[in-house]
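# Coordinate analysis (summary)
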Amino acid sequence: MEKSKFFVTTPVYYVNDIPHIGHTYTTVAADVVARFWKQLGYDARLLTGTDEHGAKIAAAAKNHNKEPKEYADEISAEFKKAWQLLDIDFSRFIRTTDEDHIKVSQDFLQKLYDTGAIDPKPRLYKGLYCIGCEKFLSQNELKDGLCPDHLKPPVEHSEENYYFKLSAYQDRLIELIKNEDGKGIEVQPAKRKHEMLSKLELGLEDISISRANLEWGIPLPFDESHTTYVWIEALINYYTYGSPNKVWPADLHLVGKDIVWFHAVIWPAMLLAIGEQPPKQVFGHGFFTISGQKMSKSLGNVIKPSELVARYGVEGTRYVLLSAFPFGEDGDFSWETFDQLYNSNLANGLGNLVSRVSKLLELNKVTISQDQENIKPSLGLSELYSTLSLDQVLRNISEKVSTLDQKLNEWHPWEIKDPNTSSNWNEIVQGIRQIACDLYPFLPETSTKIRDIFSGPDVKKPEQALFPRLEVSS
Ligand SMILES: [Zn+2]
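Please read these numbers as outputs of a predicted model, since none were measured by experiment.

### Observations concerning the overall build of the protein
Counting its regular elements, the protein contains 15 helices and 17 strands. Whereas a compact globule of 474 residues would reach a radius of gyration of roughly 23 Å, the protein reaches 25 Å, a difference of no more than 12%. Along the longest, intermediate and shortest principal axes, the C-alpha atoms of the protein span 90 × 55 × 40 Å. A burial count over the protein gives 39% of its 474 residues as buried. Here the analysis covers contacts within the protein between residues at least 6 apart in sequence; of these, 75% occur between residues at least 24 apart.

### Examining the sheet that holds strand 16 (residues 293-294)
The strand order 16-15-17 describes an open sheet built from 3 strands, whose pairing is mixed. At either end of the open sheet lies a strand with only one pairing partner, and these are strand 16 and strand 17 (331-333). Sheet analysis places strand 15 (residues 288-290) next to strand 16, joined by 2 bridges and oriented antiparallel. The residue bridging isoleucine 290 from the neighbouring strand is glutamine 293, located in strand 16.

### Observations concerning the domain arrangement of the protein
Segmentation of the protein into domains returns domain 1 (5-122 + 162-285) and domain 2 (335-453). The gap between the C-alpha centroids of domain 1 and domain 2 is 39 Å. Contacts between the two partners involve 10 residues from domain 1 and, on the opposite side, 9 residues from domain 2. With 6 residues, helix 1 (residues 21-39) is the single largest residue contributor to the side of domain 1 that touches domain 2. Split by residue class, the side of domain 1 that touches domain 2 holds 6 nonpolar, 2 polar and 2 charged.

### Describing the UniProt feature "domain: Methionyl/Leucyl tRNA synthetase" (unreviewed entry) in the protein
Mapped onto the present numbering, the UniProt feature "domain: Methionyl/Leucyl tRNA synthetase" (unreviewed entry) falls at residues 7-149 and 152-357. Its end C-alpha atoms 59 Å apart, residues 152-357 is made of 43% helix and 20% strand.

### Thoughts on the sheet that holds strand 8 (residues 186-188)
Strand order across the open sheet formed by 6 strands is 3-2-1-13-14-8, with parallel pairing between neighbours. Edge positions in the sheet fall to strand 3 (92-95) and strand 8, since each has one partner strand and no second. Recorded for the sheet is a direction-independent mean angle of 20° between the axes of neighbouring strands. As judged from the 2 bridges shared by strand 1 (residues 5-14) and strand 13 (residues 252-256), these two strands associate in the parallel manner.

### Let's talk about the pairing of strand 2 (residues 43-51)
When you tally the buried positions in strand 2, you get 8 out of 9 residues, the bulk of the element. Alignment of strand 1 against strand 2, held across 8 bridges, turns out to be parallel. Across the sheet, threonine 9 pairs through a bridge with leucine 47, a residue of strand 2. Chirality of the crossover, the property in question, places the unit of strand 1, helix 1 and strand 2 among those that are right-handed. In the sheet, strand 2 pairs with strand 3 via 4 bridges, with the strands oriented parallel. Residue pairing in the sheet places glycine 49 in a bridge with isoleucine 94 of strand 3.

### Quick look at the pairing of strand 14 (residues 281-285)
Among the 5 residues in strand 14, 5 count as buried, and that is most of the element. Along strand 14, one buried face is formed by Gln281, Phe283 and His285 and the opposite face, lined by Val282 and Gly284, is buried too. Pairing geometry for strand 13 and strand 14, over 4 bridges, is parallel. Bridged to leucine 254 within strand 14 is phenylalanine 283.

### Points about unusual backbone geometry
Looking along the chain, the bond that leaves glutamine 188 and enters proline 189 is cis, with omega of -10°. Topologically, proline 189 is positioned in the loop between strand 8 and helix 6 (190-201). The peptide bond linking glycine 456 to proline 457 adopts the cis configuration, its omega dihedral lying at -5°. Mapped onto the secondary structure, proline 457 falls in the segment after helix 15 (444-453). If you check the backbone angles, asparagine 65 has positive phi at about 60° while not being a glycine. With respect to the helices and strands, asparagine 65 occurs in the loop between helix 2 (55-63) and helix 3 (68-85). We note that aspartate 144 has phi near 50°; this positive angle belongs to a residue other than glycine. Tracing the backbone through its elements, the reader meets aspartate 144 in the loop between strand 5 (135-137) and strand 6 (155-161). On the basis of neighbour count, aspartate 144 is assigned to the exposed category, with 7 C-beta atoms found within 10 Å.

### What about the environment of threonine 367?
On the secondary structure map, threonine 367 appears in the loop between helix 11 (335-363) and helix 12 (381-386). In the structure, threonine 367 is positioned 90 residues away from proline 457 in sequence and 4.8 Å away in space, judged by C-alpha atoms. When neighbours within four sequence positions are excluded, threonine 367 is seen to be in contact with Gly456, Pro457 and Asp458.

Rules and cut-offs
- Residues numbered from 1 in each chain as written.
- Predicted model: local features only at pLDDT ≥ 70, side-chain atom pairs only at ≥ 80, totals over all residues.
- Helix = DSSP H or I, 4+ residues; strand = E, 2+ residues; numbered from the N terminus.
- Rg over C-alpha atoms; globule rule 2.2 N^0.38 Å.
- Buried ≥ 20, exposed ≤ 12 C-beta atoms within 10 Å, placed from the backbone.
- Contact = placed C-beta atoms within 7 Å.
- Pairing = 2+ DSSP bridges.
- Domains from an automatic or database assignment.
- Nonpolar A, V, L, I, M, F, W, Y, C, P; charged D, E, K, R; others polar.
- UniProt positions renumbered as here; feature names shortened; annotations may be inferred.
- Axes fitted to C-alpha atoms, helices over the stretch in contact; angles between N-to-C directions.
- Right-handed = clockwise from strand over helix to strand, strands pointing away.

So this is what it looks like as structure tokens:
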């Protein structure tokens, strides 16, 4: 029988910025999800990559005295390096400058044009344009006359753009997102779904999909004097991978909460227009503040993945990021709270349990069973993964660690004359093996180490602690 597939994506990250804790959060979460479905026997695919066209990139390259492609090459490489460092098992790292993406985007746009979803002629558009956002903003998106994200006034701008008839899809999108039959688009968490629906109820405007005076982009196949608007083109990357690899539709687009609209409304409408299926699930996760402040270059408080890895190791980083707060909520990062999470859950919790039990087994020459292969992910995990309750999965694991610790303390085998005869060991060893199995998507290397230690029949205490305790100044 053919394996079921599970196709998960991260956004393609815009190369005007180097990788930080926000990108890391999305990518690690996507990797965890993909690894879980793979562990269950699915053909799971993870797509990540970089978004490289647009006015901002052309300008940034110019500032650095570089060609746009040369500039994009450098930043894109930073992202790829970061994901390799973090043990992200991606199926492909896509770049929107890749040849196949350019070809698929042009075919996609031609189809939109041929079916009449794009106006045959460009329209003259006059409006308020935010250079930071690379888009026109409507009056009611402004706060005190400023772009709420960039805190700068938008500029008066007029140009000829081709338009996608987004307004034609309002009713179908509302029905899909309501998802009463379960065959539509599951927008999560629930508050994002409500946000999308209330915005949709207000009505949809057609959207501009091209730029007339910007060379750094993909030319429209039906009018090469225009390039494709970077937002529209970037969305197509999912299809560039998904369609030829026969994993379309995407099972999950994992995105930050600020771009749910693009993924749950605009992108599905584009797909409907060419007769393709919309994604099955769009999940918008929350943002990090840094010690209570918004993260920004100007405040100098940007946290890089390499800094996290230097302190917590690869697996410690994966753990602390996803256990800190519920995935759909906003949360705060501070070194103090992350240190504490690491020490209490990994160094003292899991690491200490493994060390304690393996030491006792070795000391008492206890032989253990070897039936490790039959262990499957705990029941109920699929449910938690399908709602991206990743922090809850980790909480369940921590509870299992505490239960085993407690059991050891009640039993105190170190005071028993001949502890190797006890059947209690079997229960404890099986418990640890179950923890290793459930932990695999988050901490693949640690999971393998634990499995090796307890593969039986003899147990040898590892020479190094799994998670060395961090010295924390108090
Ligand atoms: Zn802006």
